[in-house]
Amino acid sequence: MSENRRPPLALYIHVPFCVRRCHYCDFAVTRSAEPPVDEWLACLARDMLEWSEELGDPGPIRVDTIFVGGGTPSLLGGAGMESLAELLAGHFEWEAGQVEWTVEANPGSLTLDAARRWRNLGVNRLSIGVQSFDDGALEWLGRLHDAVGAAAAVERARAAGFENLSVDLIFGLPTGVARSWGDDLERAVSLGVTHVSAYGLTAEPRTPLGKLVATGSVRMPEEDQYVDEYCNAVNILSKHDFKQYEVSNFALDGYECRHNWHYWIGSEYLGLGPSAHSLVEGRRIWNVTQWSAYRDAAKSGSSVREGRETPTRADRRLESLWLGLRTRRGIDLAAHAIEAGLIRHWVAEGWAAMSDGVLCLTPAGWLRMDGLVAELDSRLANDDD
Ligand code: SF4
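Not measured: the values here are computed from a predicted model. (Residues numbered from 1 in each chain as written. Predicted model: local features only at pLDDT ≥ 70, side-chain atom pairs only at ≥ 80, totals over all residues. Heavy atoms only, no water.)

1. So, the overall build of the protein chain
Inference 1: When you go through the protein chain residue by residue, the secondary structure sums to 14 helices and 18 strands.
Inference 2: Radius of gyration (C-alpha) of the protein chain: 21 Å, near the 21 Å computed for a compact globule of 385 residues.
Inference 3: With 385 residues in all, the protein chain has 52% of them scored as buried.
Inference 4: For the protein chain, contacts bridging at least 24 residues in sequence account for 70% of all contacts bridging at least 6.
Inference 5: Counting every atom, the protein chain has about 17200 Å² of accessible surface; 50% of that belongs to carbon and sulfur.
Inference 6: Taken as two groups, the 37 positive and 55 negative side-chain charges of the protein chain have centres that lie 2 Å from each other. (Helix = DSSP H or I, 4+ residues; strand = E, 2+ residues; numbered from the N terminus. Rg over C-alpha atoms; globule rule 2.2 N^0.38 Å. Buried < 20%, exposed > 50% of the residue type's maximum accessible area, 1.4 Å probe, protein only. Contact = heavy atoms within 4.5 Å. Areas by Shrake-Rupley, 256 points an atom, 1.4 Å probe, with all protein chains shown as cover. Lys, Arg positive; Asp, Glu negative; His and termini not counted. Charge placed at Lys NZ, Arg CZ, Asp CG, Glu CD.)

2. Comments concerning the site of the ligand
Inference 1: Surveying the vicinity of the ligand reveals the residues Cys18, Arg20, Arg21, Cys22, Tyr24, Cys25, Phe27, Val29, Gly71, Asn106 and Arg143.
Inference 2: Here the shell around the ligand is built from residues that sort into six nonpolar, two polar and three charged. (Near = heavy atom within 4 Å. Nonpolar A, V, L, I, M, F, W, Y, C, P; charged D, E, K, R; others polar.)

3. Considering the domain arrangement of the protein chain
Inference 1: Domain boundaries assigned for the protein chain yield domain 1 (3–264) and domain 2 (313–384).
Inference 2: Once you take the C-alpha centre of each, domain 1 and domain 2 turn out to be 29 Å apart.
Inference 3: Taken residue by residue, the interface counts 13 residues in domain 1 and eight residues in domain 2.
Inference 4: Carbon and sulfur atoms supply 69% of the area buried between domain 1 and domain 2, which totals about 1000 Å² over both sides.
Inference 5: Together, Val247, Trp261 and Trp264 form the three largest contributors to the area buried by domain 1 at its contact with domain 2, with a combined 43%.
Inference 6: Taken together, the connections running from domain 1 to domain 2 amount to two salt bridges.
Inference 7: Residues arginine 326 and glutamate 246 are paired through a salt bridge, measuring 2.5 Å at the closest nitrogen-oxygen approach.
Inference 8: Between domain 1 and domain 2 we count four residue pairs in polar contact (both at pLDDT 80 or more) in total.
Inference 9: When contributions to the side of domain 1 that touches domain 2 are tallied by element, the ones reaching two or more residues are helix H8 (223–239), strand S10 (243–246) and helix H9 (258–264).
Inference 10: Looking at which element gives the most residues to the side of domain 1 that touches domain 2, the answer is H8, with five residues. (Domains from an automatic or database assignment. Buried area = accessible area lost by both parts, 1.4 Å probe. Salt bridge = Lys/Arg side-chain N within 4 Å of Asp/Glu carboxyl O. Polar contact = N/O pair within 3.5 Å; in protein donor to acceptor, adjacent residues only side chain to side chain.)

4. Examining the sheet that holds strand S17 (residues 352–355)
Inference 1: Taken together, three strands build an open sheet; the order of strands is S16-S18-S17 and the sheet is antiparallel. The sheet terminates laterally at strand S16 (331–332) and S17, the two strands that pair on one side only.
Inference 2: Across two bridges, S16 lies against strand S18 (residues 358–361) in antiparallel orientation. For aspartate 332, the partnering residue across the bridge sits in S18 and is valine 358.
Inference 3: Those strands touched by helix H12 (residues 340–349) are S17 and S18, and its axis lies near 120° from that of S17. (Pairing = 2+ DSSP bridges. Axes fitted to C-alpha atoms, helices over the stretch in contact; angles between N-to-C directions.)

5. Some remarks on the packing of helix H1 (residues 37–54) against helix H10 (residues 291–299)
Inference 1: For the pair H1 and H10, interaxial distance at closest approach is 9 Å and the crossing angle is 60°. Here H1 and H10 pass one another in a crossing that is left-handed. Every residue of H10 that contacts H1 at Glu39, Trp40, Cys43, Leu44, Arg46 and Asp47 is listed here: Trp291, Tyr294, Arg295, Ala298 and Lys299.
Inference 2: Looking at the contact of H1 with H10 residue by residue, the class counts come to six nonpolar, no polar and five charged. (Left-handed = near helix turned anticlockwise from the far one by under 90°.)

6. With respect to helix H3 (residues 112–121)
Inference 1: Residues of H3 that are buried: Ala114, Ala115 and Trp118. Axial view of H3: buried residues confined to an arc of 100°, hence all on one face.
Inference 2: Contacts made by the buried residues of H3 are with helix H2 (77–89), strand S6 (100–105) and strand S7 (125–131).
Inference 3: Downstream of H3 by one or two residues, glycine 122 has phi in the positive range, about 115°. (Arc of directions from axis to C-beta.)

7. Things to note about the pairing of strand S8 (residues 165–171)
Inference 1: Taken across its seven residues, S8 has seven buried, putting it largely inside the fold.
Inference 2: The alternating pattern of S8 places Leu165, Val167, Leu169 and Phe171 on one face and Ser166, Asp168 and Ile170 on the opposite face, and all of these are buried.
Inference 3: Direction of pairing for S7 relative to S8: parallel, over a ladder of four bridges. Counted as the bridge partner of leucine 126 is leucine 165 from S8.
Inference 4: The sheet contact formed by S8 and strand S9 (residues 195–200) spans six bridges and is parallel. Looking at the pairing, valine 167 lines up with valine 196 of S9.
Inference 5: Handedness of the crossover joining S8 and S9 through helix H6 (residues 181–190): right-handed. (Right-handed = clockwise from strand over helix to strand, strands pointing away.)

8. A closer look at the pattern of salt bridges
Side chains that differ in sign of charge can pair as their charged atoms come close.
Inference 1: Applying the stated criterion across every chain, the model contains 23 salt bridges.
Inference 2: In this structure, the salt-bridge partner of glutamate 281 is arginine 283, at a minimum N-O distance of 3.6 Å.
Inference 3: Owing to a relative accessible area of 27%, glutamate 281 belongs among the partly exposed residues under this scheme.
Inference 4: Residues joined in a network through salt bridges with shared partners are Arg6, Glu54, Glu268, Glu281, Arg283 and Arg308.

What follows is the structure, encoded as C-alpha cells:
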C-alpha cells in the first residue's frame, strides 16, 4: 500500500525501563534508574528499518497519534525525548497542532524541565501514573512516590503548559489496605485533570503480589467490594461531568484518548520497542518482549519480531465484539448478523442498552464483559456451523 493511500495511523513507542518494579506489575519492564537511552534509540532505529523493509520503503508514514508508553517514559528526561522526536521525524510525519501526542509519566521522575521540553516538541497529553493519593496504599503497591508527590506532578505538568492531563488510579485493593477509593477519585477531580483511567488490581501469578496471594499471605477483595468500587468510580466521576467512554476510561468532553480509539475501532497501529504490537495491512506483528533479547537482536542485525499472524474470520469476529462492546460506541447488530433475540435478556438484566440497532453495555454489563462476549461469540460460531 502506498503511503498516500494509508490513513494516518496510531504510533506506539515502548520505553521498557522502570527504577524498580511495583509489586503488582507484570509488564515488559527492566529495572534501571538511568536507562541506556542511546542504546534504546539505536534499537528503535533498527526496528524502524525492519518496518521500512516490511512495508516496501513507504517513505514517511503519516501518523494521527503518538503514544510513548512504558515502563517509565519520564526517565527519558527532556534530552531523551528530543532524541526520540528526531528519530521519529526521520520516518513519520504528523501535523503539528493536529497530532495527539501522549507521554506516560511517573510522579517521581516527571521534572518541570522535562515537561516543558516535551511540550515544546509538540507533546500535548500526559498520562500520569498516580494510582492513589493515599501514602499507605502507595507504599503497599510498591510505588516510588507519595501522595504529595503525586499532586505535585500534576501541578508541574500544568505549569509546563499541559491542560490535557490524565491520571491512572487503581481500585480493588485488599481490605487490609486502609484507603478511601472515593477520596482518591475526588482528589483527582479536584486537581483539574481532564481524564481518569480506573483499573482494577489483578494479582498476576509471576508478580510478588501474585506469590503472596498464592501463599495466602494476602487476600484479594471479595467480588462485592470490586463491584462497589467500580460503581463508585462511575458515579463519582459522572457527578463531575466525566463521561465513561470505555470500560476503564472517563473523560471530560473533548478529552477522550484518540490513540486508544484507534485500537478499539480496529484501525492500523504500528509499535516500536520491546513487546510492542502492531496491526498493519491486516497482519498482527509483535516484537520480542524482554529488553535484553530485543537489544541483542537489534545489535546483531537479527529481527526484533517475535511473531506474526493474519487473523482468521473467527478471530476477527471475536475481536470486533470484544473491542466494540468495551466502548460506548457498542456494536451494530445488523453488521454482526446478531438476532435481537440473542441479547434480549442482557437488556432485561440491565447489562446492555439498545438504540437504533446498536447494542452498548452498561457499567453492570462491563463488570461481566468477559462472560457476555464469550456467550455471544459462541452463539454466533454455532450459527456459522
Ligand atoms: S511504574 Fe508501571 S510499568 Fe513500571 S513497574 Fe510500576 S506498574 Fe510496572
